[in-house]
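# Examination of the molecular architecture
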Amino acid sequence: MQAELEAQSVIGYPANAVESLGLSPADQAEYLARAGKNLSGWYCLMMAQDSVLAEFRQADIPVAVLKGAAAAANYPQPNSRSMGDIDLIVPPDHFEQAFSLMERLGWENDIELEINPRHAGFKKAGCPEIELHRYFSTCTNKQQAHFLDQTIYDAIPRTEWTDVAGFSVPVLPPLENGLVLLAHVNQHLGSGLGLRQILDWQMFVDAHLTDELWERSFQHAAQQIGMEKLAVTTTWLCRTYLGLQTSAMWFDEADAQLASDLLLYIMQRGNMGRKMERGAQATRTVLHNLRSPAALVRYLYEGGRAHWAPARKHAWLAPAACFYQVGHVIRKGLSRNASMSELVTDARSAKEDIDLLKRLEVTRM
């Protein structure tokens, strides 16, 4: 059980109920030690975030926290929510100012924006990584991506500084915060969705997503980003299998079999693919991107530029980045030394994943 909780990044969630879990004294002590380590990490991250946010306020830079502490705000015990890194977003016209501020504070940008234009990753000794977002959406549909990102930008001036276990956190209004959490579920469906993202959504639904909010604005927004069916199915899953208690009925017509298949996918893949063997995950990534010519070209182009520095320096080499990525994939495949039966199994599993995602009508696979 402990290994599963860690793989799903929810080790701290049942800490308050540990005495009712029927563990042996030795297992209970080991679990509490792991949960305590998670708690310590939570406070370290929140203190680093608190320090940076104070500088943003001092510089008068509008900012919102995405996921992380903004998701934890909906938990009964916010410090039970496992934390990884810190995600911040500012309006586009404040991005350069925020980037410069991070550098002045001693944070080092660890990845070129040309490689990942979505966000700048900042690192500092002894601190969690901070991702400063230019935009948030990973939707492949440009209209859907624009709708989500513009919705977030428009909401940043309306962030509410919310108390989260003693820390003040700028949280987007419920509609926009919920869209971010739903999009985060969507984002990781192809790479390994886990219970942490599902529980983030469940806690948001429990705290905010009433029938009135759904009918007034959330359903329309979910339709605009192509995730209405994902919202309905995931919420039905939470009520049926994870103990969500709500009087809301907006998701009552969900496909029960689809929700069951989604839960099985989550339990097999773990949080962000951590439960998948690395070689198998790489194989599935390639196969997922073979689903359409546009997805394949995007994968080869972006991967080639990330792995081949000359293509980032010289625009005329960009088309050749696709061929470089083909060679990179072949080299990785050969180094894995997988048998034909393993590759066939991976291909079959990837096909099942893609079929599930198509049934969910998601916008990123």
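Residues numbered from 1 in each chain as written. Predicted model: local features only at pLDDT ≥ 70, side-chain atom pairs only at ≥ 80, totals over all residues. Heavy atoms only, no water.

## Notes on the overall build of the chain
Of the regular secondary structure elements, the chain holds 15 helices and 7 strands. Buried positions account for 49% of the 365 residues belonging to the chain. Pairs at least 24 apart in sequence give 64% of the contacts found in the chain among residues at least 6 apart. Carbon and sulfur atoms make up 53% of the accessible area of the chain, which amounts to about 17100 Å² in all. (Helix = DSSP H or I, 4+ residues; strand = E, 2+ residues; numbered from the N terminus. Buried < 20%, exposed > 50% of the residue type's maximum accessible area, 1.4 Å probe, protein only. Contact = heavy atoms within 4.5 Å. Areas by Shrake-Rupley, 256 points an atom, 1.4 Å probe, with all protein chains shown as cover.)

## As for the sheet that holds strand E5 (residues 130-133)
If you trace the 5 strands from one edge of the open sheet to the other, you get E1-E2-E5-E4-E3, paired in mixed fashion. The open sheet terminates on both sides in strands that have one partner only, identified here as strand E1 (64-66) and strand E3 (108-109). Here 3 bridges tie E1 to strand E2 (residues 86-89), and the two strands are oriented antiparallel to one another. What sits directly across from leucine 66, in E2, is aspartate 87. (Pairing = 2+ DSSP bridges.)

## Points about the environment of threonine 151
By the element assignment, threonine 151 lies in helix H5 (residues 142-155). Given a relative accessible area of 15%, threonine 151 falls into the buried group. Along the primary structure threonine 151 and glutamate 176 are separated by 25 residues, whereas in three dimensions their C-alpha atoms are 6.9 Å apart. For threonine 151, the contacting residues outside a window of four places in its chain are Glu176 and Leu179. Of the polar contacts made by the side chain of threonine 151, one reaches the backbone oxygen of phenylalanine 147; its length is 2.6 Å. (Polar contact = N/O pair within 3.5 Å; in protein donor to acceptor, adjacent residues only side chain to side chain.)

## As for the environment of leucine 356
Looking at the element boundaries, leucine 356 is found in helix H15 (residues 340-360). In this structure leucine 356 comes out as buried when scored by relative accessible area, which is 5%. Along the primary structure leucine 356 and aspartate 261 are separated by 95 residues, whereas in three dimensions their C-alpha atoms are 7.6 Å apart.

## Examining the packing of helix H7 (residues 195-207) against helix H9 (residues 228-241)
Running from amino to carboxyl end, H7 crosses H9 at an angle of 90°, the nearest separation of the two axes being 10 Å. Taken together, the axis directions place H7 and H9 in an arrangement best described as roughly perpendicular. Contacts from Ile198, Trp201, Gln202 and Val205 in H7 reach Ala231, Thr234, Thr235, Leu237 and Cys238 in H9. Tallied by class, the residues present in the contact of H7 with H9 amount to 6 nonpolar, 3 polar and no charged. (Axes fitted to C-alpha atoms, helices over the stretch in contact; angles between N-to-C directions. Parallel < 35°, antiparallel > 145°, perpendicular 65-115°, else oblique. Nonpolar A, V, L, I, M, F, W, Y, C, P; charged D, E, K, R; others polar.)

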